[in-house]
Amino acid sequence: MSLRQATGSRERNIEVLLLTGAAAFAVLGWYALRAAEFALPANTGRILTQFAASGVIAHVAVRVLAPRARPEILAVSAFLAAVGLVFVIRLAPDVARDQANWVSVGVVAFGAGLWAGTRYARLKRYTYTAGVAGLGVLLATGLFGTTINGARLWVEVAGQSVQTTELIKVFLIIFLAGYLADSASVLASPTLRLGDRTYSGAAYLVPLAAVVIGAVGALALLRDLGSIAILLLLAIGGLYVATGRARFVAGGLALLATTGLVGYLAFDHAQVRIDTWLDPGADPGGAGYQTMQATYAIQAGGITGAGPGLGRPDVVPAAPTDYVFTAIAEELGLAGAAGVALLYVAFLYGGLRVAAEAGDTYGRLLAASIALLMAIQAAVIIAGNLRVIPTTGITLPFVSYGGSSLVVNFGLAGLLAGISHASRKGLTDRRA
Amino acid sequence: MLSPGAFERRLASVGSFSLLVFFVFFAALAYWQVFRTDLAGDDRNPRVLSAFYDPARGRILDRDGNVLAESLGDGTRYYTDASVAHAVGYLDPRYGSQGVELAFNQELTGQRPSGWAGALQAEFDRGRLEGNDIRLTLDPAVQAAAAAALGSRKGAVIALDPRSGEVLAMVSVPTYDPGGLTTAGDALFSDPDAPLLNRAIQGLYPPGSTFKTVTAAAALGGGVITPETIVECPGEIVIDGFPVSCRNVPQGVGTYPFRDAFTFSVNAIFADVGVKTGWEKLLRTARAFGFERQIAFTLETAASQVYAPGSALSRVLLASTAFGQGELLATPLQMAVVAAVIANDGELARPHLTIGAYRDGALVRELEHPETTRVIDTSLARTLRDFMVAVVDNGQASGVSIPGVSVGGKTGTAEAGDGTSHAWFVAFAPAENPRVAVVVVVENGGQGGVVASPIAGAVIRAVLAQ
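Residues numbered from 1 in each chain as written. Chains lettered and ligands numbered in written order. Predicted model: local features only at pLDDT ≥ 70, side-chain atom pairs only at ≥ 80, totals over all residues. Heavy atoms only, no water.

Draft legend 1. Molecular detail of the state of the cysteines. Residues and elements named next belong to chain B. Tallying each qualifying case throughout the model produces one disulfide over all chains. Sulfur-sulfur distance for the disulfide between C233 and C246 comes to 1.4 Å. Across the S-S bond of C233 and C246 the torsion is about -70°, and the bridge reads as left-handed. With C233 in the loop between β9 (230-232) and β10 (236-239) and C246 in the loop between β11 (242-245) and β12 (255-257), this pair connects stretches of sequence that are 13 residues apart. You'll find C233 and C246 in the same group, each marked buried. (Disulfide = S-S within 2.5 Å. Helix = DSSP H or I, 4+ residues; strand = E, 2+ residues; numbered from the N terminus. Buried < 20%, exposed > 50% of the residue type's maximum accessible area, 1.4 Å probe, protein only.)

Here it is in structure tokens:
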């Protein structure tokens, strides 16, 4: 790749333009918090500088490693991370520094993802390794994990609490894409003809069913309801884009409903969540407190929001993590919250375009799975915040405070951008 | 290998579905943020309280501008005078709120006008809110005199200007420290003496003989009797087997005009006159004065009653009601309204507690628009005024006469039901051009003319000294 190629890339110039949006949001957020006489952490300037530097490095990494990648992947991720940084500064000023550091680590993961994405075909050989590794990590979490907020999702690694369910998403994506690429054509046709005999393709569902049911069971024991929902929805979405068969969607939704019902009947934890969702006022000071406070906070936002630093989203428990969307709804209002939701739609569209442009089945399914994962995760937690569905303790991708989530999501975004580069480079080469 | 066309169609379906989900979220946001405005005032919403602890919350001032309540730099609410606690009130996360702090919370926090236009304007103008100060009608000298005169005796004093309806003093004992609710709240709530109750407007006491003003208004206004009608009391008067004593008549007097029966507060004469007046006229007059409903006031008031709900309106009950016992219950505010109407030639200027909302010492707006209504005829009011002046002139109330000033008054010694009596005194001064109407109740205090009237005298002197 020549220097002219790297600097003259049209995609990268658009990316620079779009990245200024993220920078502008961070700076505006900073000024707005200052204007609100919010007690900013002492090192806010340094935090924002570090964030900007991370953005520049990520951009340079794309220029070098994947110059033809679609520009919106990094731009949207960075914009969401800017929203996240401003709200972590506002909601948890003491740990804002950590969030900036995690963004920097996330950029390293993004670079690694880029590198892997540009040669994504090699990932396919790890399909079943990833499936087994995912289950192994789950098992290890169950055995050695620490319990935080009622769910056992963290493992101590080198003095850092790592949320292993975030890590598992990477394994799951690699497994799902590889498995679907192998079996999509079989699953897509209702029967399999071999000589003069026909077989049902259903047998090909067994590996997927084994991994999914194993993971759901393990997650249920770890009490991670949010991850179960994401896992099942992702499996349904993946099966749909790979096969287009409504029967799988219906079967998956039936499995989801059954899981929900079993969870409600078998786990107090799940029962409380659903009861609280239906009637938080029944126990306003206890189980319903978080939901009630979130409702008040969202209401207080109105159309244009209270303004950064001027609302009271901090009274909602877990505001920087699970309820960050509520904080956005209070301080940026309907306009800001709908805007953030639209950013996830934009990320999904970008990812789906990468999938459409990919040159082979595996690349298409890998890209589509990553796009689906981000969109599903965002939708599940936003819907929980807005009381469209019962609340689940998961992070809002790129926005919530938390290192594991940021690093993994940036890594997956890098993978997506890498696939995009590989596909579009191929397209150009073929045209030439 | 996937068929590219079919695959792209599925991606398009996923995209369409995601837009559908987005619209659901948009609708949910709109539902909460645009339509559920009721949540903003929910008492479990901490924003209501944090507005209270905003250092920019407005102050509460007396009529001279002295600070009664203000917020310190850290948002703590500081109250200067426990004697105005019931008027100023409090706002507490656990114990709710009362008084002006509650009634004008919006004005004090500086919230913007409601309604669609106001809400829309607020969307685009979300600067820091500055509250307005609330200036009360309370007069510091009169308030201090009332509090000092009542002292630590349980009861209430309320004084108002009959011409304007402005409340000059409002004291309720026992009182409390509105700033100390966080620590003392439980004790205050469980205290049998009910220190949080504003006795001046919510305390219900049998009014005793002070109610004879209302009976006299009904009888005179209804043409049943005139001031000069000669009445006679032969030791006791029996009504349907219920004997009423002629006690209080001066020695050696057999027959006398009705006006003297008022002066000396003869129960039997009033029982007889009440029965002749009848329930209908008595109730109409009492209701005109404000009985049987909450009197419109700045703060929440208790409704005074003529008879208990569901009671049979018998002649015996009518007789005892006419001289102020029966099932009568009245707030000090109610009797102050009676005195003010008589003093103000039969017209009631609606009692109120605020002058207006102020910012930097300048009036922003008036908060109340008290109207004046006619309750009784001017001539009847003047007759009753003379009746009440005669009470004081004849020495029925000690400690209230002031040289050179004509004071009207009526004592009350109401049976409390436990063998003791509540001491009442209802007064106004100066009679020819009244500047103050005052009501004093001392719970289980004894004789109204002995215990309550000196307190009223102190309040009247404080008003007239200005």
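Draft legend 2. Structural context of the packing of helix α14 (residues 361-385) of chain A against helix α1 (residues 4-35) of chain B. Here α14 of chain A crosses α1 of chain B at 10°, and the two axes come no closer than 12 Å. Between α14 of chain A and α1 of chain B, the angle falls in the class roughly parallel. Considering the relative orientation of α14 of chain A and α1 of chain B, their crossing is left-handed. Residue-level inspection shows R364, L365, A368, L372, A379, I382 and A383 of chain A of α14 of chain A in contact with α1 of chain B, the latter providing P4, F7, L11, V14, V21 and F25 of chain B. (Axes fitted to C-alpha atoms, helices over the stretch in contact; angles between N-to-C directions. Parallel < 35°, antiparallel > 145°, perpendicular 65-115°, else oblique. Left-handed = near helix turned anticlockwise from the far one by under 90°. Contact = heavy atoms within 4.5 Å.)

Draft legend 3. Main features of the nonpolar core. Counting residues in each nonpolar core, the largest one holds 135 residues, and the members touching the most others are F87, F110, L365, L386 and L396 of chain A. The biggest single contributor to this core is helix α13 (residues 324-357) of chain A, with 19 residues. Setting aside its immediate chain neighbours within four residues, L386 of chain A contacts I298 and F325 of chain A together with F25, A28, L29 and W32 of chain B. (Core = buried A, V, L, I, M, F, W, Y, C linked by side-chain atoms within 4.5 Å.)

Draft legend 4. Just the pattern of salt bridges, in detail. Overall, the coordinates contain 28 salt bridges over all chains when judged by the stated rule. E357 of chain A is paired through a salt bridge with R424 of chain A; the nearest N and O atoms lie 3.2 Å apart. Separated by 67 residues along the polypeptide, E357 of chain A in helix α13 and R424 of chain A in helix α15 (residues 403-431) bring together distant segments of the chain. Across the pair E368 of chain B and R350 of chain B runs a salt bridge whose closest N-O atoms are separated by 4.0 Å. One end of the pair, E368 of chain B, is in the loop between β15 (362-365) and β16 (372-374); the other, R350 of chain B, is in the loop between β13 (347-349) and β14 (354-359), with 18 residues separating them in the sequence. With respect to burial, E368 of chain B and R350 of chain B carry one shared label: buried. (Salt bridge = Lys/Arg side-chain N within 4 Å of Asp/Glu carboxyl O.)

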